[in-house]
Amino acid sequence: MSRFGQDDPTTFRKENFKSKKTGQQTHFAVKVLSDFIVERGMEIDILEATKDETANLLQDFYANIRNKSQEYYKKNTLLAIRQSINRYLKENDRFFDIITDPEFTRANDNFTSLLRKTREEGKGTVTHHEAISLEDLRMLYEHPLVFNTSTPQGLLNKTIFETILYFCRRGQENLSQLKVDEFKVDSDQKGQMYVRKLTTELTKNHQGTTNETEGSGGMMYATGTDRCPVKSFVKYLKKHNNASNRLFLHPKNSFSEQDDMWFRNEPIGQNTIKVFMKNLSKSAKLSREYTNHCIRSTCITLLDYSGFQSRHIKTISGHRNEASLSSYCYDTSVSLSQEKTVSTFTSDENEQPIPLPVIETVSAVRNSKRQGIFCIQVLLK
């Protein structure tokens with residue numbers, strides 16, 4: 001048997017370098033450009049065109065790009081299209097940059113004018129997902145069924161929600177692929193129970209390149225309350241179907257509290273995960289329909305309001321730079337009121353607990369000052 005693999009070296013980089021979502025964005029952008037070329041009756045192959053031919057094409061493209069409704073795309077969509085075309089060309093060994101090379105100045109002047117047009121049309125604002133309001137958080141936790149850990153569906157809902165919240169995960173990214181053995185219930189030096197993630201993943205901002213610094217990740221700490229996230233996580237694992245290593249499974253149709261197993265050997269798919277928070281919003285009759293990414297926004301917003309610096313928050317969120325957090329950290333949907341003071345947990349006996357504000361009944365607690373590891377406690381008594 002050969003010691004070495006048999007991968008095709010010409011396709012290995014392309015197949016392994018980008019995430020699935022990045023691939024989908026690239027495919028979309030290239031299709032829009034290809035549709036434009038076909039409609040214009042042009043005979044041009046962007047993988048064969050010269051640099052000047054590509055620049056002239058993009059100059060025309062940026063001036064006339066529209067969606068299928070013949071309207072301007074939103075600003076963030078346009079930025080993604082240009083970046084995706086640039087990425088596509090480089091992936092196919094076209095060694096020039098359509099964003100920075102001087103030959104593309106006129107094309108990019110048109111792109112700048114296009115962004116101004118979108119602003120005039122009211123589409124210039126980059127849309128971000130807002131945090132879940134405190135009132136809606138209460139409604140989720142106080143609803144008789146949504147997070148009811150005495151039922152398989154309620155226990156599943158709470159486990160998915162708190163996995164996204166405490167580990168600050170993106171809305172859909174890899175959630176359906178999570179495995180039981182990727183998580184561990186542990187105790188710190190002071191005997192405080194918590195859940196931590198043992199493995200790293202390929203994500204939007206972390207593709208496994210050697211020069212990346214990955215954050216230490218979130219940790220889910222026990223709160224000592226009836227709604228303790230660790231307590232429900234442990235119960236979920238206890239009722240899990242041992243025939244499957246996938247973390248999130250469909251609940252059984254019938255059950256009793258005494259049953260050892262509440263879940264079928266049937267992993268929850270990406271489509272079900274995609275509408276998870278939307279369905280929860282309807283079930284709990286929240287003030288609006290939230291998305292999964294709103295849960296992540298809630299984590300970042302709570303940490304920000306609780307006084308953590310951006311450089312610490314991004315170790316949890318996985319953002320590459322602090323500037324990316326600005327769209328989350330000024331969300332007014334989380335109101336500051338009834339501020340109290342609590343102490344942090346620390347893993348270093350020489351460190352003194354640092355007082356942090358509590359936003360009503362939601363608190364952000366710092367676990368390790370030295371390592372930058374944080375947790376959020378949703379107390380909601």
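Each value, and the rule that gives it
- Sequence order as written defines residue numbering, which begins from 1 separately in each chain.
- It should be noted that, the model being predicted, local features are given only for residues of pLDDT at least 70 and side-chain atom pairs only at 80 or more, the latter also being counted only at that level, while totals for whole chains, interfaces and linings use all residues.
- Computation of side-chain values: all heavy atoms of the structure, hydrogens and water removed.
- In this description a helix means any DSSP run of H or I spanning at least four residues, a strand means any run of E spanning at least two, and both kinds are numbered starting from the N terminus.
- Whether two residues are in contact is decided by their heavy atoms, any of which lying within 4.5 Å being enough.
- Using a 1.4 Å probe, the Shrake-Rupley method yields the accessible areas, and only the shown protein chains count as cover for residues.
- The salt bridge definition used is simple: a Lys or Arg side-chain nitrogen within 4 Å of an Asp or Glu carboxyl oxygen.
- For each residue, the accessible area found with a 1.4 Å probe, counting protein chains only, is set against the maximum for its type, and the residue is called buried under 20%, exposed over 50%, and partly exposed in between.
- Pairing of aromatic rings covers Phe, Tyr and Trp, the last counted by its six-membered ring, and requires centre-to-centre distances within 6.5 Å; plane angles under 30 degrees mean stacked, over 60 mean edge-to-face, and any other angle means tilted.
- A positively charged side chain is recorded as over a ring if its NZ (Lys) or CZ (Arg) lies within 6 Å of the ring centre. The angle to the ring normal must also be within 35 degrees.
- Pairs of N or O atoms within 3.5 Å make up the polar contacts considered here, provided that, within protein, one atom can donate a hydrogen while the other can accept it, and that residues adjacent in sequence are counted only when both atoms are side-chain atoms.
- Think of the arc as the fan of directions from the helix axis to the C-beta atoms.
- The criterion for strand pairing is that DSSP finds at least two bridges linking the strands in question.
- Side-chain atoms within 4.5 Å link the members of a nonpolar core, which is a set of buried Ala, Val, Leu, Ile, Met, Phe, Trp, Tyr and Cys residues.
- Expected span of a helix, by definition, is 1.5 Å for each gap between consecutive residues, and there is one gap fewer than residues.
- To get an axis, a line is fitted to the C-alpha atoms, and for a helix only the part in contact is used. The angle between two axes follows their N-to-C directions and goes from 0 to 180 degrees.
- Convention used here: angles under 35 degrees read as roughly parallel, angles over 145 as roughly antiparallel, angles from 65 to 115 as roughly perpendicular, and any remaining angle as oblique.
- Each residue is assigned to one of three groups, with Ala, Val, Leu, Ile, Met, Phe, Trp, Tyr, Cys and Pro labelled nonpolar, Asp, Glu, Lys and Arg labelled charged, and all others, Gly among them, labelled polar.

Identification of the protein as Tyr recombinase domain-containing protein from Mytilus galloprovincialis is taken from an unreviewed UniProt entry.

All right, on to the overall build of the protein then. Summing up its helical and strand segments, the protein has twelve helices and nine strands in all. Considering only residue pairs separated by 6 or more positions, the protein has 61% of its internal contacts joining residues 24 or more positions apart. With the model as given, the accessible surface of the protein reaches about 20600 Å², and the carbon-plus-sulfur share is 48%.

As a further point, take the pattern of salt bridges. Under the criterion given, the structure shown has 13 salt bridges. As a salt-bridge pair, aspartate 186 and lysine 184 come within 3.9 Å of each other at their nearest N and O atoms. Judged by its relative accessible area of 22%, aspartate 186 falls in the partly exposed class. With a closest N to O distance of 3.9 Å, lysine 282 and glutamate 289 form a salt bridge. The partly exposed category is assigned to lysine 282, whose relative accessible area is 46%. By relative accessible area, glutamate 289 is classed as partly exposed at 41%. Each of Lys51, Asp101 and Glu103 takes part in one network of salt bridges that share partners.

What follows covers unusual backbone geometry. The phi angle at glutamine 70 is positive, at roughly 60°, despite the residue not being glycine. By the element assignment, glutamine 70 lies in the loop between α3 (51-64) and α4 (75-91). Its identity as a non-glycine residue notwithstanding, lysine 285 has a phi of 55°, on the positive side. In this structure, lysine 285 sits in the loop between α10 (276-283) and α11 (292-305). On the basis of relative accessible area, lysine 285 is assigned to the exposed category, the value being 68%.

Further remarks concern the packing of aromatic side chains. Both the distance between ring centres and the angle between the ring planes are used here to describe each pair of aromatic rings. In total, this model carries 13 aromatic pairs according to the counting rule given. Between phenylalanine 61 and tyrosine 62, the ring centres sit 6.0 Å apart and the planes meet at 45°, which makes this aromatic pair tilted. Of the two residues, phenylalanine 61 and tyrosine 62, both sit in the buried class. Ring centres of phenylalanine 96 and phenylalanine 104 lie 5.7 Å apart, and the angle between their planes is 25°; on these two criteria the pair is classed as stacked. Classification of phenylalanine 96 as buried rests on a relative accessible area of 8%. The cationic tip of arginine 82 hangs over the ring face of phenylalanine 111; the distance from NZ or CZ to the ring centre is 4.1 Å. Sitting over the face of the ring of phenylalanine 183, lysine 197 holds its NZ or CZ atom 5.8 Å from the ring centroid.

Okay, the side chain of threonine 225 next. Looking at the element boundaries, threonine 225 is found in the loop between β3 (220-221) and α8 (229-239). At a separation of 2.9 Å, a polar atom in the side chain of threonine 225 contacts the side chain of threonine 223.

In this section: α10. Within α10, the full set of buried residues consists of Phe276, Met277, Leu280 and Ser281. The arc enclosing the buried residues of α10, seen along the axis, measures out at 130°, which places them on a common side. Lysine 285 occupies a position one or two residues after α10 and carries a positive phi of about 55°.

Reading across the sheet, the three strands line up as β1-β2-β3 and stay open at both edges, with antiparallel pairing between neighbours. If you trace the sheet from one side to the other, it starts and ends with β1 (183-187) and β3, each paired once. With five bridges joining them, β1 and strand β2 (residues 193-197) adopt antiparallel strand pairing. From the neighbouring strand, serine 187 faces β2, where its bridge partner is methionine 193.

A few words on the nonpolar core. Residues Leu140, Phe161, Phe248 and Met277 are the most contacted members of the largest nonpolar core, which totals 44 residues. Residue assignment for this core shows that the elements contributing at least two residues are α6 (134-142), α7 (152-166), α8, α10 and α11. If you look at the next biggest cluster of nonpolar residues, it comprises 25 residues, including Leu33, Ile37, Ile98 and Leu115.

The subject of this paragraph is α3. The terminal C-alpha atoms of α3, which comprises 14 residues, lie 20 Å apart, in line with the 20 Å expected from a rise of 1.5 Å per residue. Considered for burial, the residues of α3 that qualify are Thr54, Ala55, Leu57, Leu58, Phe61 and Tyr62. Down the axis, α3 shows its buried residues gathered within 165° of arc, on one side only. Residues of α3 that are exposed and angled more than 90 degrees away from the buried face: Asp52 and Asn56. For α3, the elements touching its buried residues are α2 (20-39), α4 and α5 (105-120).

Another aspect to go through is the side chain of serine 244. Structurally, the position occupied by serine 244 is in the loop between α8 and β4 (249-251). A residue is classified by how much of its surface remains accessible, and serine 244, at 10% relative accessible area, is buried. A polar contact of 3.2 Å, which involves the side chain of serine 244, links it to the backbone nitrogen of arginine 246. Setting aside residues no more than four positions away along its own chain, serine 244 makes contact with Leu249, Asn265 and Pro267.

Right, let's get into the packing of α2 against α4. Interaxial distance between α2 and α4 falls to 8 Å at its minimum, and their mutual angle equals 95°. With respect to α4, the axis of α2 lies roughly perpendicular. Contacts between α2 and α4 pair Thr22, Gln25, Thr26, Phe28, Ala29, Val30 and Leu33 from the former with Thr77, Ile81, Ser84, Ile85, Arg87 and Tyr88 from the latter. Residue composition of the contact of α2 with α4, grouped by class: seven nonpolar, five polar and one charged.

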